[in-house]
Structures are given as C-alpha cells and as structure tokens.
Amino acid sequence: MKTILALLTLGTLALPVFGAEQTTDAPAAPAAPAIELKNKSTFTMDGSGRNPFWPIGWKPVARAQTNNTEHSGPDILPTAFVVSSITMDQGARYAIINGKVMSEGQAFILQLGTQTYQLTLKAIEDGRVILARRDQEIIVPLRRK
C-alpha cells in the first residue's frame, strides 16, 4: 500500500515538469521571403466569343433546330385522351387526364407514335375538359363506368 501511495505521489509531482513548456531566449526564426510572381496570368475575351470552359481546339457545330413538338399533322381525336376524374372546387379545378393530375392552363405533351404534340388544358367544365392545340379545340368527355 505504501508503494502504491509513493508511486502516485511521485507521478503527480512529475506531471508539471514533463508538461511544462520550455522557454528559452533563442531568437525567432527569420520570416520567409515574399514570393514574387514572374508571369501573371490574364484573360481577355477576344472577338471570337469562345467560351473559356470549352476544351482547347473544340469548336461548336451549328445545328438546324428541329422542333417536332409543333408538327401541323392531322387533328388529334378525343379518343386519344382518357378523362377519368374531374374535381371542381370554389378556387381550383383539377382533372385526371391519361393518369396525370392537371389544372386549367397547364401545358403538356402528348406522344402518339413518333409524333409529339404540345397541348394546353384550356378549361375544365362539369363532365368534360377542353384542350387546345394551336387553332384546334378538343372536347373530351368524362368517361364514366
């Protein structure tokens, strides 16, 4: 017991000696010399309008815009749509068309085969919806089972 007490006492007395920082009057290390840049990089936008993030040597290729969403094509038949539900509240009207919830004024795309058509849900009325595609109006009745 006396041995353990003696070791603990010596251990606590030795801690401040080993943990203390040593201070000396040695001169501080000289500061590192300042770095001077020889070549500074600059960027000026020349008349070519080249994007600096494009790979070097890459040139954009002009492509003809093909917009297949506005084919004049044949008129769309109302049978291309399934109106399964219509909800009319005081402030909002919603319809489920082809399995998607839509509101008045919402634009959507219909794909029939390889053709795509852009349509707008013009109005939701009791028992039917009116869809618009350019100058064509498509009236689709609610399908009741």
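Residues numbered from 1 in each chain as written. Predicted model: local features only at pLDDT ≥ 70, side-chain atom pairs only at ≥ 80, totals over all residues. Heavy atoms only, no water.

### Structural notes on the overall build of the protein chain
Next, step 1: In terms of helices and strands, the protein chain carries 1 helix and 7 strands.
Next, step 2: Along its sequence from the N terminus, the protein chain presents helices and strands in the succession α-β-β-β-β-β-β-β.
Next, step 3: Sequence-distant contacts in the protein chain: of pairs separated by 6 or more residues, those separated by 24 or more amount to 40%. (Helix = DSSP H or I, 4+ residues; strand = E, 2+ residues; numbered from the N terminus. Contact = heavy atoms within 4.5 Å.)

### Focus: the nonpolar core
Next, step 1: Membership of the largest hydrophobic core comes to 17 residues, with the highest contact counts inside it found for F81, I97, L119, V129 and L131.
Next, step 2: With 4 residues, the top contributor of residues to this core is strand β5 (residues 115-125).
Next, step 3: With sequence-adjacent residues up to four places away left out, V129 is seen in contact with V83, I86, A95, I97, L121, A123, I124, I138, I139 and V140. (Core = buried A, V, L, I, M, F, W, Y, C linked by side-chain atoms within 4.5 Å. Buried < 20%, exposed > 50% of the residue type's maximum accessible area, 1.4 Å probe, protein only.)

### What to know about the side chain of Q136
Next, step 1: Tracing the backbone shows Q136 in strand β7 (residues 136-141).
Next, step 2: With a relative accessible area of 12%, Q136 lands in the buried category.
Next, step 3: Within the structure, Q136 has its side chain in polar contact with the backbone oxygen of I76 (distance 3.2 Å).
Next, step 4: Other than its neighbours up to four places away in sequence, Q136 contacts D75, I76 and L131. (Polar contact = N/O pair within 3.5 Å; in protein donor to acceptor, adjacent residues only side chain to side chain.)

### A short note on the pairing of β7
Next, step 1: Only one face of β7 is covered, namely the one carrying Q136, I138 and V140; the face carrying E137, I139 and P141 has none of its residues buried.
Next, step 2: As paired strands, strand β6 (residues 128-133) and β7 are joined by 6 bridges and run antiparallel to one another. Counterpart to L131 in the pairing with β7 is I138.
Next, step 3: In sequence, β6 turns back onto β7 through a hairpin of 2 residues, with R134 there showing a positive phi of about 55°. (Pairing = 2+ DSSP bridges.)

### Some points on the packing of aromatic side chains
Next, step 1: Throughout the structure, instances matching the rule amount to 2 aromatic pairs.
Next, step 2: Both rings, one in W54 and one in W58, keep their centres 5.1 Å apart while their planes meet at 70°; by these two values the pair is edge-to-face.
Next, step 3: We classify W54 as partly exposed; its relative accessible area is 28%.
Next, step 4: Residue W58 is classed as partly exposed on the basis of its relative accessible area, which comes to 41%.
Next, step 5: Here the aromatic rings of F81 and F108 are separated by 6.4 Å at their centres, their planes lie at 90°, and the arrangement is edge-to-face. Remark: F108 occurs in strand β4 (residues 107-112) and F81 occurs in the loop between α1 (2-19) and β1 (83-88); sequence separation between them is 27 residues. (Phe/Tyr/Trp six-rings, centres within 6.5 Å; stacked < 30°, edge-to-face > 60°.)

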